[in-house]
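# Summary of structural features
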2 protein chains.
Amino acid sequence: MTSDTLTLVNGEVGDSLPVSDRGLAYGDGLFETIQLLDGRPLLLEAHFARLQRGCERLGIPFEDVLKPLRADLARLRNEGTLQRFGVLKILVTRGSGGRGYLPQPGLTPTRILMLSPRGSYSGDPAVQGVRVRICDLRLAHAPRLAGIKHLNRLEQVLARAEWHDPDIREGILLDQDDCLVEGTMSNLFWVRDRRLYTPRLDRCGVEGVVRNHLLARASHEGLEVEEGRYSLSALDAADEVLLCNSLIDIWPVVALDARCWSPGPLTRRLQRLLKEDYLAC
Amino acid sequence: MTSDTLTLVNGEVGDSLPVSDRGLAYGDGLFETIQLLDGRPLLLEAHFARLQRGCERLGIPFEDVLKPLRADLARLRNEGTLQRFGVLKILVTRGSGGRGYLPQPGLTPTRILMLSPRGSYSGDPAVQGVRVRICDLRLAHAPRLAGIKHLNRLEQVLARAEWHDPDIREGILLDQDDCLVEGTMSNLFWVRDRRLYTPRLDRCGVEGVVRNHLLARASHEGLEVEEGRYSLSALDAADEVLLCNSLIDIWPVVALDARCWSPGPLTRRLQRLLKEDYLAC
């Protein structure tokens with residue numbers, strides 16, 4: 001463990017896991033990546049809510065996970081440890097043991113908390129905006145796994161391996177029907193005629209916590225919001241395009257192949273609203 | 001580690017792995033499950049060939065994996081250790097480190113060898129045959145991941161969790177187009193008019209080592225073999241149905257819902273051929 005990270009495995013400081021853990025064997029688990037601001041995990045209850053949805057989908061007993069997780073976090077906060085880091089990753093697996101795919105009843109879920117500094121991005125992408133590309137890989141339709149943040153992430157790994165140009169900050173993923181879904185690590189929104197659009201994620205994709213927060217926040221602000229199935233050509237007519245996740249917050253998209261946009265007023269407004277909510281939460 | 005198993009992680013006896021391993025974070029790796037017969041890993045070169053195909057697909061440098069794996073196995077064999085176990089599981093991941101999906105260049109792949117006793121099955125399923133069911137879960141079409149034995153196995157976990165009746169030994173999986181694919185842990189064959197059929201696995205499914213061995217062996221024996229896309233109704237007209245994998249070898253299927261079969265002559269012949277090949281390999 002390097003000194004700039006700290007890991008707790010089932011409540012104990014340590015950086016190793018039994019190789020018999022089903023998280024390793026099958027990707028049989030979930031994760032959350034959470035921004036820390038002065039020691040506060042931002043949108044924590046929304047992250048826990050998504051973790052709960054994931055646990056329910058996979059049949060991992062969430063009640064065995066939540067209470068110890070809260071206790072770990074309370075300890076780290078009281079010790080002043082959370083305050084020293086910028087990112088909290090929580091990883092939950094079904095637990096260790098058994099052979100074969102059948103989830104044995106009575107396994108104790110594994111919980112891992114990984115604290116690390118916030119990464120830095122060259123330039124100021126939240127202000128300047130970012131260039132993105134379209135990935136070749138098409139996301140498979142897997143409705144039983146859609147929306148949740150499970151540990152089966154080979155599609156994202158393969159998609160992210162498609163480009164090495166550091167000036168391209170994100171790859172946009174289409175599904176097997178060529179519908180827009182998301183970025184490899186972020187969710188996608190666009191604005192047209194003051195209406196906010198984002199892909200529906202019931203067949204593939206991850207329902208980002210910031211995505212869902214923005215959807216609710218925008219509706220609350222009286223903005224019209226539409227979730228649906230859209231092809232790439234929907235972006236041709238977009239006035240603004242933006243990406244979001246729990247670490248980057250909101251990045252305006254300024255270029256995708258020959259398409260160009262400027263960071264627009266609705267993007268700036270959503271950035272301000274999110275910042276306000278961070279300070280209030 | 002219990003005394004009836006032995007694990008090597010990167011050549012060292014030990015049962016733990018850094019939590020920063022990408023195998024855990026993203027299922028970014030592959031595995032092989034191999035039967036040991038008197039200390040000999042059966043069909044080892046075919047397992048290595050599939051591992052190589054998987055490494056090439058994921059961009060994991062196979063040349064960094066194979067030589068140390070062979071050295072581990074030679075040592076375990078020379079020490080007389082392999083002879084004490086019945087199953088060898090090999091797990092290879094892209095390695096440890098980095099944050100985010102981008103595979104950093106220069107990572108050293110992680111290799112894990114897990115030795116355990118051969119599991120026992122009640123009754124004598126290879127002789128008596130087994131009952132199976134159709135799973136509700138439909139496999140997603142993910143051609144970039146089809147055929148290889150990667151660590152993203154949540155579909156199999158969810159499918160295997162669908163039933164608890166111990167008299168049902170396997171669940172048959174259809175894909176999202178309702179085409180037959182495989183069992184949760186095995187490959188599927190059937191016989192009709194002395195011709196052998198099995199689903200093509202270019203959109204989903206795992207190309208089992210025993211499956212591919214049987215395809216080649218049957219052709220060599222002059223049997224007609226057909227790989228294709230088939231609906232469940234293809235089984236209505238089947239004379240024999242069978243399952244195979246590296247640990248169960250070949251199980252005749254005797255019941256699927258209202259359909260019944262007897263273990264037939266071609267199934268018995270394939271069982272004999274496989275046994276001969278095991279002794280010769």
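Here's what I pulled together on the structure shown here. The structure displayed is predicted, hence computed values, not measured ones. (Residues numbered from 1 in each chain as written. Chains lettered and ligands numbered in written order. Predicted model: local features only at pLDDT ≥ 70, side-chain atom pairs only at ≥ 80, totals over all residues. Heavy atoms only, no water.)

## Regarding the packing of aromatic side chains
Scanning the entire structure with this criterion turns up 10 aromatic pairs over all chains. A ring pair is formed by Tyr121(B) and Trp251(B), whose centres lie 5.0 Å apart and whose planes are at 90 degrees; its orientation type is edge-to-face. One end of the pair, Tyr121(B), is in the loop between strand S7 (110-116) and helix H4 (125-128); the other, Trp251(B), is in strand S15 (residues 249-256), and 130 residues separate them in sequence. With a relative accessible area of 36%, Tyr121(B) lands in the partly exposed category. The structure contains a cluster of three or more aromatic residues connected by ring pairs, namely Trp190(A), Tyr197(A) and Tyr230(A). (Phe/Tyr/Trp six-rings, centres within 6.5 Å; stacked < 30°, edge-to-face > 60°. Helix = DSSP H or I, 4+ residues; strand = E, 2+ residues; numbered from the N terminus. Buried < 20%, exposed > 50% of the residue type's maximum accessible area, 1.4 Å probe, protein only.)

## Some words on the side chain of Thr110(A)
Tracing the backbone through its elements, the reader meets Thr110(A) in strand S7 (residues 110-116). Not counting chain neighbours up to four residues away, the residues in contact with Thr110(A) comprise Asn10(A), Leu17(A), Asp21(A), Leu91(A), Val92(A), Thr93(A), Arg94(A), Gly95(A) and Ser96(A). (Contact = heavy atoms within 4.5 Å.)

## A short note on the packing of helix H6 (residues 209-220) of chain B against helix H7 (residues 265-280) of chain B
Residues and elements named next belong to chain B. In contact at an axis separation of 11 Å, H6 and H7 are set at 105 degrees when each is read in the N-to-C sense. It follows that H6 is roughly perpendicular to H7 by the angle criterion. Touching Val-210, His-213, Leu-214, Arg-217 and Ala-218 of H6 are Leu-270, Leu-273, Leu-274, Glu-276, Asp-277 and Tyr-278, all from H7. The class makeup of the residues in the contact of H6 with H7 is seven nonpolar, one polar and three charged. (Axes fitted to C-alpha atoms, helices over the stretch in contact; angles between N-to-C directions. Parallel < 35°, antiparallel > 145°, perpendicular 65-115°, else oblique. Nonpolar A, V, L, I, M, F, W, Y, C, P; charged D, E, K, R; others polar.)

## Some points on the relation of the copies chain B and chain A
The operation relating chain B to chain A is a screw motion whose rotation component is 180 degrees, with 0.0 Å of axial translation and a residual RMSD of 0.0 Å. Between the two chains, the operation in question is that of a two-fold axis. Taken together, the interface assignments show that 100% of the residues at the interface of chain B recur at the interface of chain A, consistent with an identical surface on both copies. (Least-squares fit on C-alpha atoms with pLDDT ≥ 70 in both.)

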